[in-house]
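# Residue-level structure breakdown
Each chain, letter by letter, is given below.
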Number of protein chains: 4
Amino acid sequence: MAVNGYGTIGKRVADAVAKQPDLELVGVAKTRPNFEARRAIEKGYPLYMSGEGSRSEFDAAGLPLAGTVREMLSAADVVVDAAPDRVGAENRKLYDAANVRAIFQGGEKADVAEVSFNALGNYAAARGKRRVRVVSCNTTGIARAAAVVLPRWGAERWDVTLIRRAADPAESKKGPLNGIVPTLHIPSHHGPDVRTIFPELSISTVAVVVPTTLMHVHVNRVRLRNPPANATEIVAAFRGTPRFRLFAPWERVEGTPQVMEFARSRGLGLNDVMENVLWEDGVTLDGPDAYFFQAIHQESVVVPESIDAIRAMFDLAPDGPSSIAMTDRALGLSDR
Amino acid sequence: MAVNGYGTIGKRVADAVAKQPDLELVGVAKTRPNFEARRAIEKGYPLYMSGEGSRSEFDAAGLPLAGTVREMLSAADVVVDAAPDRVGAENRKLYDAANVRAIFQGGEKADVAEVSFNALGNYAAARGKRRVRVVSCNTTGIARAAAVVLPRWGAERWDVTLIRRAADPAESKKGPLNGIVPTLHIPSHHGPDVRTIFPELSISTVAVVVPTTLMHVHVNRVRLRNPPANATEIVAAFRGTPRFRLFAPWERVEGTPQVMEFARSRGLGLNDVMENVLWEDGVTLDGPDAYFFQAIHQESVVVPESIDAIRAMFDLAPDGPSSIAMTDRALGLSDR
Amino acid sequence: MAVNGYGTIGKRVADAVAKQPDLELVGVAKTRPNFEARRAIEKGYPLYMSGEGSRSEFDAAGLPLAGTVREMLSAADVVVDAAPDRVGAENRKLYDAANVRAIFQGGEKADVAEVSFNALGNYAAARGKRRVRVVSCNTTGIARAAAVVLPRWGAERWDVTLIRRAADPAESKKGPLNGIVPTLHIPSHHGPDVRTIFPELSISTVAVVVPTTLMHVHVNRVRLRNPPANATEIVAAFRGTPRFRLFAPWERVEGTPQVMEFARSRGLGLNDVMENVLWEDGVTLDGPDAYFFQAIHQESVVVPESIDAIRAMFDLAPDGPSSIAMTDRALGLSDR
Amino acid sequence: MAVNGYGTIGKRVADAVAKQPDLELVGVAKTRPNFEARRAIEKGYPLYMSGEGSRSEFDAAGLPLAGTVREMLSAADVVVDAAPDRVGAENRKLYDAANVRAIFQGGEKADVAEVSFNALGNYAAARGKRRVRVVSCNTTGIARAAAVVLPRWGAERWDVTLIRRAADPAESKKGPLNGIVPTLHIPSHHGPDVRTIFPELSISTVAVVVPTTLMHVHVNRVRLRNPPANATEIVAAFRGTPRFRLFAPWERVEGTPQVMEFARSRGLGLNDVMENVLWEDGVTLDGPDAYFFQAIHQESVVVPESIDAIRAMFDLAPDGPSSIAMTDRALGLSDR
C-alpha cells in the first residue's frame, strides 16, 4: 500500500496503515522536503518524490529518496491519493497507467471513483472495486450518524447546519480572522454528498465558515419516523456504536477546545480524534424531533475509513463490522 | 428620557434619542469614568453617577457630574435601563421609587416588565404600559423575520441555528480564542423568547458560540404553510420591509467582515447596522421549505426598537409603522 | 485631484480630500463594482473605471460610470495611487503619459518617486516634486515619533518591535488564524524605510505577524543622547504634537480593541484613528532609555499624510505645520 | 514524588516523572473530576482529592479516589505544586505541615521558595534545598538563552519583547479575541525574574498579549561584549545545547502553527515541545548586536526543569548537564 501526498491526510493514513497487522506500507510520496518529510524518514517510511518535485531540493535537505512516485506505484497494490483537492482526479491517469487500485479523498468529485464509501454506511459497496472515494470529513460525520439513526428509527427528514473550521491548524495563510462567512448556496454540497452513501435520505445541509482551526461542529435536527421513548435511548445507540465518542457532563468538555485537549491526553498520535464526538447533554428528543451536536475532527475522521476501504476492495475482512473492529483495535480507538 | 448604564447599548440609545425630533435626552448615568464617559460630555449629554460610583474618580478625571442617578430619574418620564444582564431587575426598585416608566433589555427575564416588545412584531402591545422589555438582539432578529413571513405565508415550523459572536469588539477578556462552544441546552432560550412576541409560533432554536466579535449569523429553515411561487417573492418581501437590508451578489459582501465594512462606510455612527442583514443569494425555496441566512449586529439592532417602545408607551405615534418610519428617518436607516 | 484605486486607502483619501477647503476631488477609479463603489456614487464622487474593468459589470449593477481612468487623469492635476502593492509602479507609466503628478503608497518601492514623505518628518522635501511616495503605515508611525524625539533629545539608537495585524478587517481570506509568524529577515523593511525620511537615524526593526485585524502595535526602545528629567516630559512632548493621541489611565483603554471603540465613538468616519496612539502609562524612562508603545491604525494613518503631500507638491501651504493644521482641522483631528 | 494540581502543568509533570528511571510517582491530586482526572486513572496514577473537592462528585463520576491530598503528601518525599497562580503560596503551609519538600511554579512570587531555578542557568543553586521555584515559561526561555550566550560572548545589555499567547488551548473563557493588549508596566515582570537566575544581567523586557493559544514568541536583541565572527557561530552554539531546537529554512516552519504541527508529528505526548524553538534564518548578527526569535511552548517548557529541580534537591545527579541528559533521554528530547 502506498500514499501519494504526505500532508494532513496522507501522513495520518500512512501511520494508520503502519499500525495494521494485515497491511504493509510501501512508501509515501511528497513533492518538496519539509519537517514532515524528515519525520517520515525518521519513522522509516520510504520517501518517494512526486511528479513536480526536484531531487536537488531533497538532496540539499539531506533527505534520502527511495525513488519517484512511479516507482512507488509499481511496488504497490493500492495507493491512497492524499493530494490536494482536484489533483487526485489528475493523478488517476498515473494510477491507471501503473495498474494500481486507488482510494481518493472527498475533495474529489464522486465520479473519480466507482463508488463513494463510508465504513458504517456502505462497506459492502466497495467490495472488489478498483477505485473508491472516501467521502469528506463532514460527509463522513453525517453518514456515520445516519448509519446509527436510520436502521433504528428512520428519518423523515434530516437537517444539518455545519459550522465549519476555516483552516487546519498548520494552514497559516487562510482566514477569516474575525467573522462568519455563510456558504450561500443551499443546500451545501454535503447533503448531495451524503446521498452517495444513503441515496434515499431526505437531507438538507447549510454551512457557514468560522474562525477556528480545531474541528467542525454539526447541529443536527432529525424528524424520526419511529422515535424512541426518550433521548437516553439515542445516547445509548451512539455509545454502542464504534467511531462515536460521547462526553458526559462531569467530564467538563465545554466545546471543541476541550475535545482537542482530550485528544492530546489520549495520545493516539497527532492529537487525533477519529470518532464523531457527541455531548450527552446535547442529545435531545422533542416528540419526533431528535437534536444533537457532533464535533468532527477534519484532519483525522476519514483515516480509519481509508483503512476499511482497502479491506473492502481486497476482501480482507468478512464484513464491515469486522474490518472496523480490526482497524479500531490497531488504532487504539476501542477504549470507549 | 434618561439612560441608565452607558455601555454598548446605552450609548447607542442615547445617540438615537438625541436624533429623534419628539424625544428629549435628560441625561445618562455611568458608574465609572472612562473614554466613553468623556465622549458623552463632549456630546453635551448630562452625565450622572450610578449608585456604585465614586464622585472622586470622576473629579480626578475632570468629568463634570450633573448629579446622581436618582436626580436623573426625578427629571425623566422614562428611563432606558442599559445595565449589565440581571442588574436591570435590581434597578426596577429604583425606578418604581422614582415613579418613572422603564424600558429593560433582553438580558433581563421576561417578568421584569409587563410586556416583551418588538416593533414589527407587537407594537400595539406596549401601548400605555409602564414597564416594557425590548427583547434581545437575537430574538429581535428572529421576531422581525417572523413579522415578514407569518402574515404572508404562515409557518408550520421554524428552525434556527444561531451562530453567536463570542464577545463584543471592545470586550477583550472573553473567549473562546480558537474553538466552537455549543449551548447544550436545546432549545436555547431564544425560541421561548420569540414566543413572548409570537406566542403561537412553533419554533426551535439551537445555538453555538464562535470566536468572532462582529455579528451573529442565523441559519433559518422555515416550513411554510402557503409557500410563494419562488424565492424572489421572499426576497421582495424582505426588501419591502423596514429594518431589513439585503445584499445583492454584485456587492461582493461575502460575510460579516464585509457587512461591517459596509456599516463603516455608511457612517450612521459607531459603524452600526441596525437592520437584519440578508444575502439575496442565500434566500432559497425548496418546495414548502424556505431557507435564509441573516446577520444580526448585536450591538445595535435593539436600538431602534427601544425608541419605538418609548413611542408606544406614551402613545406618541398612531401605530407601529408610523413610529418605525419616524425612528428610521431620524436614524438614517431609510436608504434602502 | 483624483484617486486611482478605491479600496482601504483610496476611499479614505477621497473622503479626506472632499473635506479640504482648498482641494477638489475630480473622481475615483475602481476596477469592479461592489458595495463600496455604490457608496462612492451615493457620496457624489464621479466613478471611473480602471483599466482591467468591464463596463458591463458596472451597468449590471446600475452604477453610472463617468468614464475611464484615462479620462479621469486628463481632468486632474494630481492622482493619488491607491492600487494594491506593486501595481502603483505599473501605473506610473499611465500617469506619466497623462502628464499628471502622482502620489504613491508605501507598498511601492522608494524609487517609484522622487522622494519619500512624512509630514512631520520632511515636509519641505516634497515641495514642487512631481512624484511623491507617502511611506507605509508602520513607517509613518515611526517617522512621526522620530520627529518628536530626535530634535528634542537625539537618539543614539532606536529599536522597534512591530507586532503587525495580519489582515485588514474586511480581508477575510488572510491568516494566520491562531499563531504568530515572525518575519525572519532582520532588520524588517521598516528600518531602512524610516531612513528614507531620517537618513541619519540608527534604527533597527523586527516584525512579527499576529492574528488580529485592528491595528499594529510598536514597542519602541530609544537610547536618547540627552535624556529629559523624566517620562512626563516625553508624554508632554507627544501630547503637544499633532497626530498623536495619548490615553490616560482613567480612560481605561486596555489595548487596541478599546482604541477602536474610541474611534467608533469619535465618529470621524470609518472608525478611523489617524494619529499615533500612545498610552501615558506605557511611556517609561530608565536612565537614557525611553520606552513607549504606540498603536497604529493601518487603514488610516497615511491619509492625512497624503493630503499634506499634495500641499507640499503644489506649494499650497507656507510650511509643514501650517499644512498639518489645515488638514487636521478639516478632518476633525484637532480635538486632542 | 507527588503532584498537587492536575491541570496544564501538573499532568505534564506527572507524565514526565513517570518516564524517569530514578523517580517514582506517588500520585496526583485534583479538586474536581473531569476528563483529565479519568485519564489519570487510565494511566494508573493514584488520584487524590485536593482540599476544596467533594468526594461525592468523584463517586458520581465513577473515579476511584486513593485518598486526600494530605494522605498523598504523607507518602511523598517531594511535591510539585501545580496549583493555579498564587494558590501555591497558600499550599506551602500544607507542605510544611506534612514535612515534605516542594517545588513551586513561576506563577508564585520568588519568596515562596529558597531559590529560583533553571537547569541550564543555576542547577547547583538548588542542591539540597527544601523549597525550589521553577521560574515561569517565559523566564525559563530567556534564562536558557542567557545560559548559552553569557559564558561565550557576554552581554552588555539584553532586550526582549515578549509576544505572549492570550490563553492556553483549552482555556476557552479568556480573550482578547481580536486585538493586541500591551502590558503597560515596563519592564514587565520577566526581566526582574530572569535576574533571580542571572543576577548580574542587564535585561529589559516588554510584553504584549495577542490572540493566540499556541506559543509565546520572544524577540531578542543582545549587545554582546565579545561578539563572534558571524551568526553561524551563534546558531552552532544553540544547536549544540540541550533544550534548544532550531529549524532550517528547508523545513518550512513559518511560525508557531508549524512548530505545533512538528510537535504533533514528533509525538512526545500532548504535542509538547519542551525546547526553546529558534529559526536559523532569524539568528542575525549586526556588529556587536545579536538578534534572534524564539518560540516558547507555555504548556511544557518548564516540565523538564521540574524534573531537574528534583534531582538537584535530592542530589540525584552529579551535576546539571548529567541531570539534563537523563531527563531529556527519558523524555525523548535527545533527537536534535
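Please refer to the structure higher up on the page.
Right, let's walk through the structure included here.

Conventions adopted
Residues numbered from 1 in each chain as written. Chains lettered and ligands numbered in written order. Predicted model: local features only at pLDDT ≥ 70, side-chain atom pairs only at ≥ 80, totals over all residues. Heavy atoms only, no water. Helix = DSSP H or I, 4+ residues; strand = E, 2+ residues; numbered from the N terminus. Rg over C-alpha atoms; globule rule 2.2 N^0.38 Å. Contact = heavy atoms within 4.5 Å. Areas by Shrake-Rupley, 256 points an atom, 1.4 Å probe, with all protein chains shown as cover. Lys, Arg positive; Asp, Glu negative; His and termini not counted. Charge placed at Lys NZ, Arg CZ, Asp CG, Glu CD. Buried < 20%, exposed > 50% of the residue type's maximum accessible area, 1.4 Å probe, protein only. Pairing = 2+ DSSP bridges. Expected span 1.5 Å × (residues − 1). Buried area = accessible area lost by both parts, 1.4 Å probe. Salt bridge = Lys/Arg side-chain N within 4 Å of Asp/Glu carboxyl O. Nonpolar A, V, L, I, M, F, W, Y, C, P; charged D, E, K, R; others polar. Polar contact = N/O pair within 3.5 Å; in protein donor to acceptor, adjacent residues only side chain to side chain. Least-squares fit on C-alpha atoms with pLDDT ≥ 70 in both.

## Focus: the overall build of chain A
Looking only at helices and strands, chain A has 12 helices and 16 strands in total. Whereas a compact globule of 336 residues would reach a radius of gyration of roughly 20 Å, chain A reaches 20 Å, a difference of no more than 12%. Overall, chain A is about 65 × 45 × 40 Å in size when its C-alpha atoms are taken along their principal axes. A sequence separation of at least 24 residues applies to 70% of the contacts in chain A between residues at least 6 apart. For chain A, the accessible surface area stands at approximately 11000 Å², while carbon and sulfur atoms represent 48% of it. Within chain A, one finds 40 positive and 40 negative side-chain charges whose respective centroids are separated by 1 Å.

## Re the pairing of strand β12 (residues 216-224) of chain B
Residues and elements named next belong to chain B. Within β12, 8 of the 9 residues are buried, which leaves it mostly tucked inside the rest of the structure. In this structure, strand β9 (residues 155-165) lies alongside β12, joined through 8 bridges in antiparallel fashion. Directly across from Leu162, in β12, lies its bridge partner His218. Two strands pair when backbone bridges link them, and β12 and strand β16 (residues 289-296) are joined in this way by 8 bridges, in the antiparallel orientation. Directly across from Val217, in β16, lies its bridge partner Ala295.

## What about helix α1 (residues 8-19) of chain D?
All names here are of chain D. End to end, α1 covers 18 Å across 12 residues, agreeing with the expected 16 Å (1.5 Å per residue, within 8%). For α1, the tally of buried residues reaches 9 of 12 residues, placing the bulk of the element in the interior. Taken together, the buried positions of α1 are Ile9, Gly10, Lys11, Arg12, Val13, Ala14, Asp15, Ala16 and Val17.

## With respect to the sheet that holds strand β6 (residues 101-104) of chain C
All names here are of chain C. In spatial order, the strands read β4-β3-β2-β1-β5-β6-β8-β7; together these 8 strands make up an open sheet with parallel pairing. Edge positions in the open sheet fall to β4 (67-68) and β7 (115-117), since each of these has one partner strand only. Of the strand pairs in this sheet, strand β1 (residues 2-4) and strand β2 (residues 27-30) are connected by 3 bridges, and their pairing is parallel. Residue Ala2 lies in a different strand from β2, and its bridge partner there is Gly27.

## Here we look at the pairing of β9 of chain B
All names here are of chain B. Summarising burial for β9: 9 of the 11 residues are buried, a large majority. In terms of strand pairing, β9 meets strand β11 (residues 203-210) through 8 bridges, oriented parallel. Among the inter-strand pairings, Ile163 is bridged to a residue of β11, identified as Val208.

## Focus on the interface of chain D and chain C
Listed per partner, the contact involves 39 residues of chain D and 39 residues of chain C. Of the roughly 3300 Å² buried between chain D and chain C on both sides combined, carbon and sulfur atoms contribute 65%. The three residues of chain D that bury the most area against chain C are Ile180, Leu184 and Arg221 of chain D, which together make up 20% of that side's buried surface. Asp159 of chain C is paired through a salt bridge with Arg221 of chain D; the nearest N and O atoms lie 3.7 Å apart. At the level of elements, β9 (155-165), β10 (181-182), β11 (203-210), β12 (216-224), α10 (256-266) and β16 (289-296) of chain D are the ones that each hand at least two residues to the side of chain D that touches chain C. Taken together, the residues of the side of chain D that touches chain C sort by class into 20 nonpolar, 12 polar and 7 charged.

## What to know about the pattern of salt bridges
Counted by the stated rule, this structure contains 117 salt bridges over all chains. Close ionic contact of Asp193 of chain B with Arg133 of chain B constitutes a salt bridge, the shortest N to O distance being 2.8 Å. Here Asp193 of chain B, found in helix α8 (residues 190-194), pairs with Arg133 of chain B, found in strand β8 (residues 131-134); they are 60 residues apart in sequence, far enough to count as distant. Between Arg165 of chain D and Asp168 of chain D there is a salt bridge, with the nearest N and O atoms lying 2.9 Å from each other. For the pair Arg165 of chain D and Asp168 of chain D, one class covers both residues: buried.

## Quick look at the interface of chain B and chain A
The partner chain A presents 39 residues to the 39 residues of chain B that form the contact. Roughly 3200 Å² of surface becomes buried between chain B and chain A when both sides are summed, with 64% attributable to carbon and sulfur atoms. For the chain B face of the interface with chain A, the top three residues by lost area are Ile180, Leu184 and Arg221 of chain B, together amounting to 20%. If you look at where chain B meets chain A, you find 4 salt bridges. Arg157 of chain B is the salt-bridge partner of Asp289 of chain A, the closest N and O atoms lying 2.8 Å from each other. For the pair chain B and chain A, the number of links is 19 residue pairs in polar contact (both at pLDDT 80 or more). Mapped onto the side of chain B that touches chain A, the elements with two or more residues apiece are β9, β10 (181-182), β11, β12, α10 (256-266) and β16 of chain B.

## Regarding the relation of the copies chain B and chain A
The two chain copies are connected by a rotation around an axis plus a translation along it. Laying chain B over chain A is done by rotating through 180° and shifting 0.0 Å along the axis; what remains is an RMSD of 0.0 Å. Within this description, the copies of the chain are treated as partners about a two-fold rotation axis. Comparing contact sets, 100% of the residues at the interface of chain B also lie at the interface in chain A, consistent with an isologous, same-surface contact.

## Notes on the relation of the copies chain D and chain C
It takes a turn of 180° to lay chain D on chain C, together with a shift of 0.0 Å along the axis; the resulting RMSD is 0.0 Å. Interface residue correspondence from chain D to chain C reaches 100%, placing this contact among same-surface, isologous pairings.

## Side note on unusual backbone geometry
Residues and elements named next belong to chain D. The residue after Gly175, namely Pro176, is reached through a cis peptide bond having omega 5°. Relative to the helices and strands, Pro176 resides in the loop between β9 and β10. Omega for the bond connecting Ile186 with Pro187 falls within 30 degrees of zero, at 0°, which places this linkage in the cis form. Residue position: Pro187 is located in the loop between β10 and α8 (190-194).

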